[in-house]
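Geometric and topological summary
Each chain, letter by letter, is given below.
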Amino acid sequence: MPPRNHRELVRAVLRDPIHWLAFAIPAGLSPVAPGTVGSLWGIPLAMAVVGLPLAVQLAIGAIGFAIGIAICGVSSRRLGVHDHGGIVWDEVIGCYLALLPAAGEPLWLAAGFGLFRLFDIVKPRPIRDLDHRLHGGLGIMLDDVVAALYAALSLVVVQRLSALV
């Protein structure tokens with residue numbers, strides 16, 4: 001049975017270590033914009049890997065994605081709600097991936113963060129289709145990874161265009 005109110009949700013989440021990860025404690029328990037708060041965790045993660053080879057950075061994202069499929073799927077089932085708004089591991093990993101082209105530069109981190117949130121919220125095709133058709137952990141994770149891809153590609157285009165000016 002899904003939690004009926006925020007107090008029940010907090011109690012359920014704090015009792016289960018799987019929820020701790022899926023909710024990126026405390027981000028997913030934010031009563032306002034938990035997805036945005038969760039996405040903020042992607043910034044220090046992306047900054048921590050600056051200077052590492054791109055293959056290593058992407059491998060970290062792939063590991064986070066694989067872990068996310070498992071923990072988000074389990075958390076969703078235990079809560080009885082598919083892709084509960086407090087499950088933000090997908091936003092953490094999505095934002096991390098979107099910020100890799102920023103290479104730790106504050107302006108590009110801010111731009112990448114904004115682009116990721118835009119694509120994650122607006123969900124242009126095929127993101128919206130993935131969000132509606134796939135269920136479980138894969139469905140929770142995949143739409144955010146595609147939003148991250150859109151954001152990262154957009155960020156690279158903006159970076160290239162700004163270099164021409």
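The structure displayed is predicted, hence computed values, not measured ones.

Quick notes on the environment of W108
- Structurally, W108 is set in helix α7 (residues 106–122).
- Remark: the alpha-carbon pair of W108 and Q159, spanning 51 residues in sequence, is separated by 8.1 Å.
- Look past the residues within four positions of W108 in its chain and what remains in contact with it is A102, L155, V158, Q159 and S162.

Side note on the pattern of salt bridges
- Counting across every chain of the model gives six salt bridges.
- Among the ionic pairs, K123 bridges to D120, the shortest N-O distance being 3.3 Å.
- Of the charged contacts in the structure, one is a salt bridge between D143 and K123, with a shortest N-O distance of 3.0 Å. Here K123 lies in the loop between α7 and α8 (127–133) and D143 lies in helix α9 (residues 136–164), a separation of 20 residues in the sequence. The two residues D143 and K123 agree in class, both being buried.
- Look at the salt bridges and you will find they share partners, linking R117, D120, K123 and D143 into a network.

Some remarks on helix α5 (residues 54–79)
- The first and last C-alpha atoms of α5 sit 36 Å apart over 26 residues, in line with the 38 Å expected at 1.5 Å per residue.
- Bending of α5 peaks at approximately 25° at the position of G68.
- Listed as buried for α5 are Q57, G61, G64, F65, G68, I71, C72, G73, S75, S76 and L79.
- Looking at the buried residues of α5, the elements they touch are α1 (6–14), α2 (17–22), α6 (89–99) and α9.
- In the segment just after α5, G80 is the residue with positive phi, at about 75°.

Points about the state of the cysteines
- Throughout the structure, instances matching the rule amount to zero disulfides.
- Of the cysteine sulfurs around C95, a residue in no disulfide, the closest is that of C72, at 15 Å.

Re the nonpolar core
- F23, C72, I87 and F116 are the most contacted members of the largest nonpolar core, which has 35 residues in total.
- Those elements giving two or more residues to this core turn out to be α1, α5, α6, α7 and α9.
- Those residues in contact with C72 that lie beyond four places of it in its chain are I87, W89, D90, G137, I140 and M141.

Some details on the environment of V81
- Its place among the elements puts V81 in the loop between α5 and α6.
- Distance from V81 to P2, taken between C-alpha atoms, is 6.3 Å for residues 79 residues apart in sequence.

A few points about the confidence of the model for the protein
- Mean pLDDT over the protein: 94, with 99% of residues reaching 70 or higher.
- In the model of the protein, α8 stands out as the element of lowest mean pLDDT, 76, in contrast to α6, which has the highest, 98.

About the criteria used
- Residues numbered from 1 in each chain as written.
- Predicted model: local features only at pLDDT ≥ 70, side-chain atom pairs only at ≥ 80, totals over all residues.
- Heavy atoms only, no water.
- Helix = DSSP H or I, 4+ residues; strand = E, 2+ residues; numbered from the N terminus.
- Contact = heavy atoms within 4.5 Å.
- Salt bridge = Lys/Arg side-chain N within 4 Å of Asp/Glu carboxyl O.
- Buried < 20%, exposed > 50% of the residue type's maximum accessible area, 1.4 Å probe, protein only.
- Expected span 1.5 Å × (residues − 1).
- Bend = angle between axes of the 7 residues up to and from the residue.
- Disulfide = S-S within 2.5 Å.
- Core = buried A, V, L, I, M, F, W, Y, C linked by side-chain atoms within 4.5 Å.
- pLDDT = per-residue confidence, 0-100.

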